[in-house]
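A look at the structure
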Amino acid sequence: MNGKPKIGVYVCHCGTNIAGVVNVEEVVQFASTLPDVVVARNYSYMCSDPGQALITDDIEKFGLNRVVVASCSPRMHEPTFRKTLLSGGLNPYFLEMANIREQCSWVHEDPIAATEKAKRIVEAAVVKARRLEALDVKEVDVEPACLIIGAGIAGIQAALDIADAGFKVYLVEKSPTVGGHMAQLDKTFPTLDCSACILTPKMVDVANHPNIELMTYSQVEEISGYIGNFEVKVRKKSRFVDMDKCTGCGACAEVCRMAGRIPNEFDEGIGMRGAIYLPFPQAVPAKYTIDKENCLFLSKGKCGESPKCKEACQADAINFDLQDEIVEFKVGTIIVATGYDVFDARKKPEYAYGVYDNVLTALEFERLVNASGPTGGKIVMLERGKKKKKKEGEEAEAPRVPKSITFIQCVGSRDKSVGNEYCSRVCCMYTAKLAHLAKDKIPDCEVTIFYMDVRAFGKGFEEFYDRVRREGVRYIRGNPSEIFRRGDKLVVKAEDTLTATPLEHETDMVVLSVGLVPRSDNREIIDLLKLSQSSDLFYLEAHPKLRPVDTASDGIFLAGVCQGPKDIPDAVAQAKGAASAAMIPMASGKVKVEAQTSVVNEATCRGCGFCVAVCPYTAIELVEVNRNGWPVKVARVNEALCKGCGACAAACLSGSIQQRSFKDIQILPQIQALGVK
Amino acid sequence: MAEKNSDFEPNIVAFLCNWCSYAGADLAGTSRIQYPPNVRVIRVMCSGRVNPLFVMNALQQGADGVLISGCHPGDCHYMQGNYYARRRFMLMRNFLEYLGVEPERVRMSWVSASEGAKWKEVIEEVVNGVKSVGPMNKFQRRQLNW
C-alpha cells in the first residue's frame with residue numbers, strides 16, 4: 001500500500017511549549033501548501049487521546065497514507081504515534097516526526113526566526129513522508145536468561161527477583177566474593193540495622209539458588225548480539241584452588257609465608273592478609289583464592305622448600321596448574337550493576353590523607369568500627385605501614401583510643417575543583433551514623449563534624465540527624481582548608497561560616513567523608529555494551545524520569561550506583577525495577593526486532609563487498625546469484641543480525657544497498673527542503 | 001570575501017546520529033539552552049550513514065555549511081560508525097578544499113547525549129565559522145524534483 005501519498009500534517013501546540021514561540025497557525029497554513037498534503041491541522045496536545053483521535057479519524061475520512069506529526073522529539077513520542085497509525089490501520093512506518101519543540105521552540109526566543117525554522121523542519125518531514133515505505137515488524141524469540149554484571153546489593157537483589165520468577169540468571173562478579181561495598185559496612189543508616197545481618201542471608205541465597213549460576217572472580221570478556229539473543233563470554237579467573245574440594249577451613253591461609261603482609265582490599269588496607277585468602281569470614285563462596293601477583297610460588301617460582309599451603313590443605317584443593325576457564329552462554333537480557341569507587345582522598349592534598357596515619361577515609365573508619373573488621377570493632381589510633389618489632393616475651397603495647405574524632409563532609413562531592421559537581425547523597429547520613437557509632441563505642445570521645453549543608457532528605461533521615469546531635473555530636477558549618485600536625489594532635493583549620501570565626505580545631509583522628517565516584521574500570525563495560533555516560537560519568541539512563549532503569553540499548557538495564565549515587569534502599573528499589581523490566585521481554589518470550597534494516601538491490605549490486613567490510617555485525621555476506629544466465633556475486637543482508645546503522649549504505653558506490661527509512665531517496669529531498677533559504 | 005557582511009545569516013544543514021548528538025541537541029532543548037536558529041537538523045541513526053554525497057548535495061542545494069555530529073570515539077552505538085564517518089570526513093574535506101570550498105563550511109563534531117551545553121558551543125562555532133566565509137555560491141543551485 002505504498003500508493004500515491006496522501007499526507008496529513010498535525011502541528012502540536014504542546015500547551016505554550018511550542019505555541020508560545022512558534023506561530024502554529026502559520027506553520028499549518030504553510031504545510032497545507034506542500035505537495036501531497038491533504039489535510040493540515042493544529043491541536044493543543046497531539047499526544048493526548050483526542051489529539052491521536054484526530055489522526056485516526058483523518059486516516060478514515062481522507063484516506064491518509066502518510067502522517068507527519070510536528071511536535072516534540074521523535075525520541076520522546078515516535079513510539080506513541082507509531083501506535084496511533086497502527087490503530088488507524090496504517091503501517092506504523094508511514095509516520096515522520098518534525099521536532100519543533102526540543103530543537104526549535106525551546107532553543108530559540110525570536111518568534112519569527114523560530115516559525116521560519118519550524119516551517120523548514122515540517123517541509124523536510126513532508127518531503128520525506130512522501131517517500132516512506134511500509135516496513136515489516138518482525139519478532140524473534142527471547143532467551144529466558146539474564147546476565148547480571150556485579151554482585152553487590154543491587155546485583156544480588158536483581159538476581160534473586162529474576163531467579164525467583166523462574167528465569168535463569170548468570171551472576172558475574174569480578175572479586176572473589178559477592179556482597180560488594182555493603183558487605184564492608186557495619187551498620188546502615190538511619191535504622192542502624194546490622195549490614196551483615198541483612199546482607200549475608202541474601203549472599204547465601206544467590207549462591208544456593210537453583211536458577212542462579214554464580215561466577216565469582218570472573219569477568220565478562222565479550223558480548224555480542226541483541227535483545228533476546230546476547231552471546232556472552234566470561235573468563236573465570238583461576239583461583240589455583242579447586243572450588244569443589246576446598247572446604248573453607250583456612251588452614252592454608254594460616255601457614256602462608258605472606259600471611260599478614262598484604263593489605264586486604266576488603267579492609268581498605270587497614271587489615272592484612274596472605275597470598276591465599278578469604279576476603280572476610282562471611283565471604284560467599286567460602287572458598288580460598290590465591291592472589292597470583294603476591295604468591296611467592298606463582299610469582300617467583302619458589303616458596304621455601306615447597307608451598308606451605310599445599311602441605312596444609314588436607315582436602316588437596318590447591319593446584320598451581322589450574323588455568324583460567326572461558327565459559328560461553330546465551331541470555332535474553334542484561335543488567336549492569338557494577339557499583340562505584342569511593343573518591344580518592346589523595347586528590348585533596350590539603351587534607352593530608354596518606355601523609356598522617358590518622359587521617360582516614362570513611363570506608364576505612366567503617367572497617368575500624370566493624371565487629372568483623374581488623375580490630376574486632378575497636379576504634380583505635382592507627383600506625384600504618386610500621387612493622388611492630390616485638391621482642392621475645394614482650395607484650396605488644398595496647399593501641400591508643402582516640403579522645404576526639406573529627407569528620408569532614410563533602411570530600412570529593414559538590415566540589416568543582418576535583419570535577420565532581422554532584423552530591424553523593426549518602427555521606428551526610430553515613431557520617432551521622434559513624435559519629436553515632438563513635439559516641440556509642442567511646443562515650444567520652446569528642447565528636448565533631450564539619451559540613452557544608454546537611455542533606456537529610458530520606459525517610460527517617462532528619463529524625464536520625466536530630467538524634468545524633470542530641471547525643472552530643474558537634475556540627476560546625478565550614479569547609480576546612482587544611483590539616484596539619486601539632487605535637488601528637490592533628491589540627492583542622494577552618495572557618496565557622498555561621499559566626500564568621502576562623503578556628504583551629506585539635507583532634508586525634510580525622511575521618512574524610514569521601515563521596516561516591518564512577519568505577520575506574522567503567523570503560524571496560526562501556527566498551528562491551530556501548531553504554532553512554534552522563535556528565536558526571538555514571539552510566540546514562542534512557543530517560544531521567546520515565547526510563548530510569550533502561551539504557552539506550554534494548555534489553556540492557558541499570559541497577560544501583562553505577563547509574564548515579566544512591567543509598568541502599570534506593571539501590572534495592574532500582575534493582576527490583578531493573579529486574580522487572582528485564583523480565584518483561586523474557587516473560588513475553590518475543591521481542592520486535594529492528595525494522596529499519598538494510599536492503600540490497602540485487603540488479604545493480606556489483607558484488608564488491610565494501611558493505612560486507614564495514615558492517616559491524618557481520619550481517620552482510622556475498623552470495624552467488626544467476627543474472628541473465630551469468631553467475632554473479634551480490635550482497636545479501638541477514639535481517640536478524642542487521643541493527644540498522646546504515647554504514648553499508650554510505651559505503652556503497654552504486655547506491656545498491658540502502659537503509660530502510662533512511663534511503664538516499666528519502667534523505668536527499670530532506671536536504672533540499674532544508675537547504676532552501 | 002566580497003559577500004561578507006554582518007547581516008548574513010547562514011543556512012546550515014546538520015546530520016546528527018540518533019543516539020548521541022540528536023539526543024544531546026534534545027537535551028539542549030530540555031535545558032532551554034538558547035542558540036542561533038541557523039542550523040537545521042536531519043536525523044540519521046548513525047553518523048556512519050552520512051554519505052559524502054549528502055554533504056555535496058547540501059552545498060549544491062543552498063546550504064552555506066554542513067555539520068556532521070556523532071558519538072565520541074569509542075561510544076558509537078553501532079561500535080564503529082563514527083570512525084567511518086571521521087575517515088570519510090577527512091577525505092571529503094581534502095576534496096572540498098581542492099574544489100575551492102572553504103574548510104569552515106563543513107565541520108564534524110562529537111556531541112554526547114549529555115552534552116546539551118556543548119551542542120550550543122558547536123552551533124555557535126559552526127555558525128560563526130560559516131559567517132566568516134560568507135554565503136556559499138561556488139556550486140550552481142538546482143532544484144530537483146524528487
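Throughout what follows, the structure given in this document is the object of discussion. (Residues numbered from 1 in each chain as written. Chains lettered and ligands numbered in written order. Predicted model: local features only at pLDDT ≥ 70, side-chain atom pairs only at ≥ 80, totals over all residues. Heavy atoms only, no water.)

1. Re the overall build of chain B
If you tally the helices and strands in chain B, you get four helices and four strands. Put simply, chain B runs from its N terminus to its C terminus through helices and strands in the order β-α-β-α-β-α-β-α. Looking at the 146 residues of chain B, the share that counts as buried comes to 60%. Nonlocal contacts in chain B, meaning residues at least 24 apart in sequence, comprise 83% of its contacts between residues at least 6 apart. Only carbon and sulfur atoms are counted for the fraction: they give 52% of the accessible area of chain B, which is about 5700 Å². Averaging the locations of the 17 positively and 13 negatively charged side chains of chain B gives two centres separated by 7 Å. (Helix = DSSP H or I, 4+ residues; strand = E, 2+ residues; numbered from the N terminus. Buried < 20%, exposed > 50% of the residue type's maximum accessible area, 1.4 Å probe, protein only. Contact = heavy atoms within 4.5 Å. Areas by Shrake-Rupley, 256 points an atom, 1.4 Å probe, with all protein chains shown as cover. Lys, Arg positive; Asp, Glu negative; His and termini not counted. Charge placed at Lys NZ, Arg CZ, Asp CG, Glu CD.)

2. Here we look at the side chain of A:Thr333
Relative to the elements of secondary structure, A:Thr333 occurs in strand E18 (residues 333-336). In this view, A:Thr333 contacts A:Ala145, A:Cys146, A:Leu147, A:Phe230, A:Gly555, A:Phe557, A:Ala582, A:Pro585 and A:Met586; residues no more than four positions away in its chain are not counted.

3. Here we look at helix H11 (residues 362-369) of chain A
Residues and elements named next belong to chain A. In terms of residue burial, H11 counts as a mostly covered element, since eight of its eight residues are buried. Those residues of H11 that sit buried are Ala362, Leu363, Glu364, Phe365, Glu366, Arg367, Leu368 and Val369. On its buried side, H11 packs onto strand E8 (187-188), strand E19 (340-342), strand E20 (359-361), strand E21 (404-411), helix H12 (427-441) and strand E27 (509-514).

4. Some thoughts on the state of the cysteines
Residue and element names in this part refer to chain B. Across all of its chains, the model carries two disulfides over all chains by this definition. Each sulfur of the disulfide joining Cys20 and Cys71 lies 2.3 Å from the other. With the S-S bond torsion at 95°, the cross-link from Cys20 to Cys71 turns out right-handed. Taken together, the residues Cys20 in the loop between strand E1 (12-17) and helix H1 (21-30) and Cys71 in the loop between strand E3 (65-70) and helix H3 (81-99) connect sequence positions 51 residues apart. (Disulfide = S-S within 2.5 Å.)

5. Structural notes on the environment of A:Val510
Residues and elements named next belong to chain A. Within the secondary structure, Val510 is located in strand E27. Overall, Val510 belongs to the buried group, its relative accessible area being 0%. Once residues lying within four places of it in the same chain are set aside, the contact partners of Val510 are Asn358, Val359, Leu360, Thr406, Ile408, Ile483, Leu490 and Val492.

6. Some details on the interface of chain A and chain B
Listed per partner, the contact involves 57 residues of chain A and 53 residues of chain B. Of the roughly 4800 Å² buried between chain A and chain B on both sides combined, carbon and sulfur atoms contribute 55%. By the criterion of area lost to chain B, the three top residues of chain A are A:Arg75, A:Lys530 and A:Gln672, representing 14% of everything that side buries. Run the count over chain A and chain B and you get three salt bridges. Here A:Arg523 makes a salt bridge to B:Asp75, at a shortest N to O gap of 3.0 Å. Of all the secondary-structure elements, those providing two or more residues to the side of chain A that touches chain B are helix H3 (74-87), helix H4 (101-105), helix H5 (111-129), helix H14 (522-529), helix H16 (610-614), helix H17 (647-651), strand E34 (657-659) and helix H18 (664-675) of chain A. It is H18(A) that provides the largest number of residues to the side of chain A that touches chain B, a total of 10 residues. Here the residues of the side of chain A that touches chain B are counted per class, giving 25 nonpolar, 17 polar and 15 charged. (Buried area = accessible area lost by both parts, 1.4 Å probe. Salt bridge = Lys/Arg side-chain N within 4 Å of Asp/Glu carboxyl O. Nonpolar A, V, L, I, M, F, W, Y, C, P; charged D, E, K, R; others polar.)

Spatial relationships are all this shows, so hold off on functional conclusions.
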